[in-house]
Amino acid sequence: TLFTAIGAACEFVAMRVSSLLLRKKKVNGYNLIVISMLGFIARFLIYRFAKSIPLFIVGQTLHFFTFGTLHSGTMAFINDNIPPQEYTNAISIYSALVVNLPQGIGAVLCGVIIDNWGYDTLFSLGLIFPLVSYILLSCFKRQLVETT
C-alpha cells in the first residue's frame, strides 16, 4: 500500500507542476507527452532490471512522469488543437482509448503474462508501447508541434 501511495502522490505533484509549467508557457502538451514516454521507458527498465526495494521506490516515483505528466500533456494538447465544439468528444475518446481500454486489457493480459512468464517478461513487453509512442512522436513532431 505504501508503494502505491508513493506513486499516487507523485502523480498528484506532477499534475500540479505540469499545470504550472503549462500556464507559464515553459512547456507545451507535446513536450509533456514526450517526457512522459521517456519516464515510462525509464520506469519499465528499472522494474525489469533492478531487483532492490530502493530502486523499486525510484520506479514508483517515476509515476510523476507517467500518468501525471501524460494526463496533463494530453489535456493541454487536446485543448490547444481541438475545436471547442469537439472538446467533449476528444476527452471521451482519450478517456476510452488511452485510459480505460488499456486498463481493461492490461488487467487481464498482465495477470496471464505474470502467471505464465513472470514479471521480467511483463516489463520487457511493457517497454514496447512507450518506445513505439516515443518513435511516433519523434517522427511526427513537425506535424504535431505545428498545430500547437
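Structure: see above.
Calculation rules
Residues numbered from 1 in each chain as written. Predicted model: local features only at pLDDT ≥ 70, side-chain atom pairs only at ≥ 80, totals over all residues. Heavy atoms only, no water. Phe/Tyr/Trp six-rings, centres within 6.5 Å; stacked < 30°, edge-to-face > 60°. Helix = DSSP H or I, 4+ residues; strand = E, 2+ residues; numbered from the N terminus. Salt bridge = Lys/Arg side-chain N within 4 Å of Asp/Glu carboxyl O. Buried < 20%, exposed > 50% of the residue type's maximum accessible area, 1.4 Å probe, protein only.

Before we move on, could you go through the packing of aromatic side chains and cite the residues and values that matter?
Tallied over the entire structure, the rule returns 7 aromatic pairs. Consider the rings of Y119 and F123, whose centres lie 6.2 Å apart with planes at 25°: the pair is stacked. Here Y119 pairs with F123, and both are found in helix α6 (residues 119-126), just 4 residues apart, close to one helical turn. A network of ring pairs unites the aromatic residues F3, F40, F44, Y47, F56, Y119 and F123 as a single cluster.

So what's going on with the pattern of salt bridges? Residues and values would help.
A complete count under the given rule lists 2 salt bridges for this structure. Where R48 meets D120, a salt bridge forms, and the shortest distance between an N and an O atom there is 3.6 Å. Of this pair, R48 sits in helix α2 (residues 29-49) while D120 sits in helix α6, and the two are 72 residues apart along the sequence. Given a relative accessible area of 30%, D120 falls into the partly exposed group. Between D120 and K51 there is a salt bridge, with its nearest N and O atoms 2.6 Å apart. Taken together, the positions of D120 in helix α6 and K51 in the loop between α2 and α3 (53-61) put the pair 69 residues apart, joining distant regions of the chain. Each of the salt bridges in this network shares a partner with another, and the network as a whole consists of R48, K51 and D120.

Structural measurements only, silent on function.
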